[in-house]
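Results of the structural survey
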Amino acid sequence: MDGDFRTDFVREPSALRQYPALVLNADYRPLSYYPLSLWPWQDAVKAAWLDRVDIVAEYDHQVRSPSTTIRIPSVVVLKDYVKPQKRVAFTRFNLFLRDEFRCQYCGTKRELTFDHVVPRAAGGVTSWQNVVAACAPCNLKKGSKSLARAGMNLRKPPRQPGAEELRNMGRKFPPNHLHESWVDFLYWDAELEA
């Protein structure tokens, strides 16, 4: 076997991992902003091959089979509309997203955990209205005391977010990598410069 073929064959698949496809709903909005709705290039190619998506934008790179060559999709649109969920699941991730990944006592972004505003020992429940993101030092300082007894204040009162509110909140946290072909679909309602 020729050395160049072996090198290209072995190294190319790992290089292709760098080509995720932005997945848009049939209304041309991302399925989610945070985490951003991305598919690996293999899933995007498969969905296109099965005629489940339309390819809107492509990378300059190609993948080949013995009979077909296809450019790797960078943006795909689902042919069938997926109705967004109205109920927001009470998860640690969604709680942190609601609180913008900041401690609700001091505002730091480090060492995040969560805290019961009314401690469970005092009858507090685990719910949207009683749990907030907190850094480890503030959580330790408050302990199982009330806010007044601990001498602490909340930046904003905890409440259950709506699904649309949480989706919009996710737009504030773009991923580390944004391909140029994605920008028009991610920020289509941003204010234009005059």
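Bear in mind that the values here come from a model prediction, so they are computed numbers and not experimental data.

A covalent bond between the sulfur atoms of two cysteines is what we call a disulfide. For the structure on display, the rule yields zero disulfides. The thiol sulfur of C106 is not disulfide-bonded, and the nearest other cysteine sulfur, from C135, lies at 3.7 Å. Looking at C138, it has no disulfide partner, and the nearest cysteine sulfur is the one in C135, 3.5 Å off. Accessibility expressed as a relative area gives 11% for C138, which makes it buried.

For soluble globular proteins, the rule of thumb is that nonpolar side chains tend to be buried together. Formed by 16 residues in total, the largest nonpolar core has its most connected members in L22, L24, W41, I72, V75, W182 and L186. Among the secondary structure elements, those contributing two or more residues to this core are β1 (21-24), α2 (41-49), β3 (53-64), β4 (69-78) and α7 (183-186). Listed in part, the 12 residues of the second largest apolar core include V88, L97, F101 and A163.

Further remarks concern unusual backbone geometry. The backbone phi angle of Y28 is positive, close to 70 degrees, even though this residue is not glycine. Locating Y28 in the fold gives a position in the loop between β1 and β2 (38-39). The phi torsion at E111 lies on the positive side, around 50 degrees, for a residue other than glycine. Mapped onto the fold, E111 is located in the loop between α3 (92-98) and β5 (112-116).

Reading guide: rules and limits
- Residues numbered from 1 in each chain as written.
- Predicted model: local features only at pLDDT ≥ 70, side-chain atom pairs only at ≥ 80, totals over all residues.
- Heavy atoms only, no water.
- Disulfide = S-S within 2.5 Å.
- Buried < 20%, exposed > 50% of the residue type's maximum accessible area, 1.4 Å probe, protein only.
- Core = buried A, V, L, I, M, F, W, Y, C linked by side-chain atoms within 4.5 Å.
- Helix = DSSP H or I, 4+ residues; strand = E, 2+ residues; numbered from the N terminus.

Honestly, it's all geometry; don't read function into it.
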